[in-house]
Amino acid sequence: MANLLNNSEKLKKAQDEIDFVIGHDSLLEESDVSKLPYLQCIILETLRLNTTAPLLLPHVSSADCTIGGYFVPRDTIVMVNAWAIHKDPQLWEDPLSFKPERFEGNGSEKQQKLILPFGLGRRACPGAPLAQQVMGWTLGLLIQCFDWKRVSKEEIDMTEGLGTIMPKAIPLELMCKVRPSMEKLVPKD
Ligand code: HEM
């Protein structure tokens, strides 16, 4: 939501997609998320730019191996810096900007390999499909039902706070009101 409120044209684009695909006569269902590609791009771009687990989880090498030209003996703790990979200017154009469009049409083959908010391989997050589905459903409903505004004219401060899952340093505050077109479906209280 913070990224969207700092980029209101992207919020409008997401709302237009939902209005076009779902309309105003029913609430977005969980099964609708797969029909909303731009909403999914927003989630992917948020996980790239504000990677929830920036160093993934610690791994241990089960055998001697070589990683990026470096010899890594068995039983070494190996950390993957997903945060840096997701912001590497050699891999991503304009890496510090919020641009969901970069994933439109699934993004380039290279980008698909480089986006790893849930890790990769055998120890990747088993909850990834559930998380993506629930994030899409929740965010989609918030966008479908409400008009959103920042509490002040200034951009929302995106500074990262302390903690293993990168909370915002300043908690998000927003204003919302039920969209007139959704009043019949959203209870007033
Ligand atoms: C936005 C939501 C989530 C994010 C960003 C996330 C991210 C991650 C990451 C980065 C890892 C470590 C992968 C690695 O080190 O290679 C992980 C592991 C794990 N996640 Fe998630 N996760 C999310 C939601 C969930 C949910 C909803 C569940 C369960 C329902 C879940 C269960 C697990 C488990 C059990 C592991 C350990 C897997 C293993 O060590 O084999 N996660 N997650």
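Criteria and thresholds
Residues numbered from 1 in each chain as written. Predicted model: local features only at pLDDT ≥ 70, side-chain atom pairs only at ≥ 80, totals over all residues. Heavy atoms only, no water. UniProt positions renumbered as here; feature names shortened; annotations may be inferred. Helix = DSSP H or I, 4+ residues; strand = E, 2+ residues; numbered from the N terminus. Buried < 20%, exposed > 50% of the residue type's maximum accessible area, 1.4 Å probe, protein only. Contact = heavy atoms within 4.5 Å. Areas by Shrake-Rupley, 256 points an atom, 1.4 Å probe, with all protein chains shown as cover. Lys, Arg positive; Asp, Glu negative; His and termini not counted. Charge placed at Lys NZ, Arg CZ, Asp CG, Glu CD. Near = heavy atom within 4 Å. Nonpolar A, V, L, I, M, F, W, Y, C, P; charged D, E, K, R; others polar. Donors = N, O, S within 2.8 Å, 3.2 Å for Na, K, Ca; no water. Salt bridge = Lys/Arg side-chain N within 4 Å of Asp/Glu carboxyl O. Polar contact = N/O pair within 3.5 Å; in protein donor to acceptor, adjacent residues only side chain to side chain. Phe/Tyr/Trp six-rings, centres within 6.5 Å; stacked < 30°, edge-to-face > 60°. Lys NZ or Arg CZ within 6 Å of the ring centre and 35° of its normal.

As recorded in an unreviewed UniProt entry, the protein chain goes by Cytochrome P450 and comes from Eucalyptus grandis. Check the Cofactor (unreviewed entry) section of the UniProt entry for the protein chain; it says "heme".

Let's shift gears to the overall build of the protein chain. The number of helices and strands found in the protein chain is six helices and six strands. Each helix and strand of the protein chain, placed in order from N terminus to C terminus, yields the pattern α-α-α-β-β-β-β-α-α-α-β-β. When burial is assessed residue by residue, the protein chain has 34% of its 189 residues classed as buried. Counting only contacts in the protein chain whose residues sit at least 6 apart along the sequence, the fraction spanning at least 24 positions is 66%. Element-wise, carbon and sulfur atoms account for 59% of the exposed surface of the protein chain, whose accessible area totals about 11,900 Å². Taking the 21 positively charged and 25 negatively charged side chains of the protein chain as two groups, their mean positions are separated by 1 Å.

Around the ligand, the structure places 15 residues, and the nearest of them are L57, H59, P117, R123 and C125. Ranked by residue count, the leading element in the shell around the ligand is helix α6 (residues 128-145), at three residues. Taken together, the residues of the shell around the ligand break down into 10 nonpolar, four polar and one charged.

This paragraph deals with the coordination of the iron atom of the ligand. There is one protein donor for the iron atom of the ligand, and it is C125 (SG), at 2.3 Å. Following the sequence through the fold, C125 ends up in the loop between α5 (109-114) and α6.

Attention now goes to the pattern of salt bridges. According to the stated counting rule, one finds 13 salt bridges in the structure shown. A salt bridge links D75 to R74; the shortest N-O distance between them is 3.7 Å. For the pair D75 and R74, a shared accessibility class is recorded, and that class is exposed. In the salt-bridge network here, residues are joined through shared partners; they are E9, K10, K13, E101 and E104.

With respect to the secondary-structure elements, R102 resides in the loop between α4 (82-87) and α5. Within the local environment of R102, its side chain forms a polar contact with the backbone oxygen of E93, the two atoms lying 2.7 Å apart.

Okay, the UniProt feature "binding site: heme" (unreviewed entry) in the protein chain next. Annotation from UniProt places "binding site: heme" (unreviewed entry) at C125. Its relative accessible area of 35% is what places C125 among the partly exposed residues.

Per the stated rule, a full pass over the model turns up two aromatic pairs. Measuring from ring centre to ring centre gives 5.9 Å for F146 and W148, while their planes differ by 65°; the resulting arrangement is edge-to-face. Under the relative-accessibility criterion, W148 is labelled buried at 18%. We note R48 situated over the ring of W92; from NZ or CZ to the ring centre the distance is 5.4 Å.

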